[in-house]
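Coordinate inspection notes
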Amino acid sequence: MEKTAYYKAFVAQTPEDIVQSVFKNGEDVLVAVSLNNGAYLEGVIIDVKQEDNHHKMVCMLSQDEQISFFPAHAITLITVKQPKKMLVELSKGNISRPMPTNDENLSVLQLKRWLHTEKVQLGNQIKELKIDTIPLDALNNRLNLQDVIKALVIAKGEITKDGLGEEAWQGVETIVIKQADRLFLQIEGKALTISIAVDKALPKSLSKILEEKLLEIV
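Residues numbered from 1 in each chain as written. Predicted model: local features only at pLDDT ≥ 70, side-chain atom pairs only at ≥ 80, totals over all residues. Heavy atoms only, no water.

Focus: the overall build of the protein chain
Check the secondary structure of the protein chain and you find 6 helices and 9 strands. Along the first, second and third principal axes, the C-alpha atoms of the protein chain reach 65 × 40 × 30 Å. A burial count over the protein chain gives 43% of its 218 residues as buried. Of the charged side chains in the protein chain, 26 are positive and 30 negative, and the gap between their average positions amounts to 6 Å. (Helix = DSSP H or I, 4+ residues; strand = E, 2+ residues; numbered from the N terminus. Buried < 20%, exposed > 50% of the residue type's maximum accessible area, 1.4 Å probe, protein only. Lys, Arg positive; Asp, Glu negative; His and termini not counted. Charge placed at Lys NZ, Arg CZ, Asp CG, Glu CD.)

Topic: the packing of helix α4 (residues 139–159) against helix α6 (residues 206–217)
Two elements in contact, α4 and α6, have axes whose closest approach is 8 Å; the angle formed by their N-to-C orientations is 50°. Between α4 and α6, the angle falls in the class oblique. The hand of the α4/α6 crossing is right-handed. The residues of α6 that touch α4, namely those facing Val148, Ala151, Leu152, Ile154, Ala155, Glu158 and Ile159, are Leu206, Ser207, Leu210, Glu211, Leu214 and Leu215. Each residue belonging to the contact of α4 with α6 can be placed in one class, and the counts come to 10 nonpolar, 1 polar and 2 charged. (Axes fitted to C-alpha atoms, helices over the stretch in contact; angles between N-to-C directions. Parallel < 35°, antiparallel > 145°, perpendicular 65-115°, else oblique. Left-handed = near helix turned anticlockwise from the far one by under 90°. Contact = heavy atoms within 4.5 Å. Nonpolar A, V, L, I, M, F, W, Y, C, P; charged D, E, K, R; others polar.)

A short note on the pairing of strand β1 (residues 30–35)
Burial analysis of β1 places 6 of its 6 residues in the buried class, which makes it a mostly covered element. Of the two faces of β1, both are covered, the one formed by Leu30, Ala32 and Ser34 as well as the one formed by Val31, Val33 and Leu35. Two strands pair when backbone bridges link them, and β1 and strand β2 (residues 40–50) are joined in this way by 5 bridges, in the antiparallel orientation. Looking at the pairing, Leu30 lines up with Val44 of β2. If you look at the hairpin formed by β1 and β2, you'll find 4 residues sitting between the two strands, and Gly38 has a positive phi there, around 95°. Where β1 lies against strand β5 (residues 75–80), 5 bridges are found, and the strand directions are antiparallel. Residue pairing for β5: Ala32 is matched across the bridge by Thr79. (Pairing = 2+ DSSP bridges.)

Observations regarding helix α3 (residues 108–118)
Taken together, the buried positions of α3 are occupied by Leu111, Trp114, Leu115 and Glu118. All buried residues of α3 project into a common sector of 100° when viewed along the axis, lining one side. Turned more than 90 degrees off the buried face of α3, the exposed positions are Arg113, His116 and Thr117. Buried residues belonging to α3 abut β6 (128–130) and α4. (Arc of directions from axis to C-beta.)

Side note on the packing of α3 against α4
α4 packs onto α3 with a crossing angle of 5° between their chain directions and a minimal axis gap of 11 Å. What the angle tells us is that α3 and α4 run roughly parallel. Mapping the contact onto sequence places Val108, Leu111, Trp114, Leu115 and Glu118 in α3 and Arg142, Leu145, Gln146, Ile149, Lys150 and Val153 in α4. A class-by-class count of the residues in the contact of α3 with α4 yields 7 nonpolar, 1 polar and 3 charged.

Quick notes on the side chain of Ser34
In this fold, Ser34 is placed in strand β1. Exposure remark for Ser34: the relative accessible area of 19% places this residue in the buried category. Other than its neighbours up to four places away in sequence, Ser34 contacts Ala39, Tyr40, Ala74, Ile75, Thr76 and Leu77.

A closer look at the side chain of Ser62
Assignment of secondary structure puts Ser62 in the loop between β3 (56–61) and β4 (67–71). Looking at Ser62, its side chain comes within polar contact range of the side chain of Asp64, at 2.3 Å. Look past the residues within four positions of Ser62 in its chain and what remains in contact with it is Glu42 and Gly43. (Polar contact = N/O pair within 3.5 Å; in protein donor to acceptor, adjacent residues only side chain to side chain.)

These results come straight from atomic positions and should not be treated as a statement about function.
Structural data, given as structure tokens:
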């Protein structure tokens, strides 16, 4: 991801959608809102509540610690003052993860060494872990691939908690991770193929999703 061109991936959204994304972001994000009564507010959204089937109420904390309450539908303009904190949400997943910090790095060689070590966590019977079709030129892709493997290790641990699951997993000897537009798992012979969009934001609770899909096919 080009640090100077991240904004080109942003997608137009309604003010209410942005309010909800800011609230769910998990860290304080400074925003400015203009309301249809002419009021202008800056601060951090600390709560969003559905008042009824039609209206959402917003609670905002200003930088001088004043609290404001207003309906989300009254917002005529919202400005995200710290967009780098919300790259995934503002791009609707076209940017796969938050911008890496300067000290966050994972070279292709480091990734391959890590994969060689991590393969043991997937079972002694696993002979190959193939990633040939994954574009590894971008750091975000390498970090996402690492997260996919971590999620797979967790999912494998869950399905092999009993004898039946362990026996079924022993039938998998090759794991292939493929770049694809959507998440799809299949087993052919002794090969498990996981197709996933590594260049997009990964699904939340990926380990749980993989566990459920593995239970359907192993």
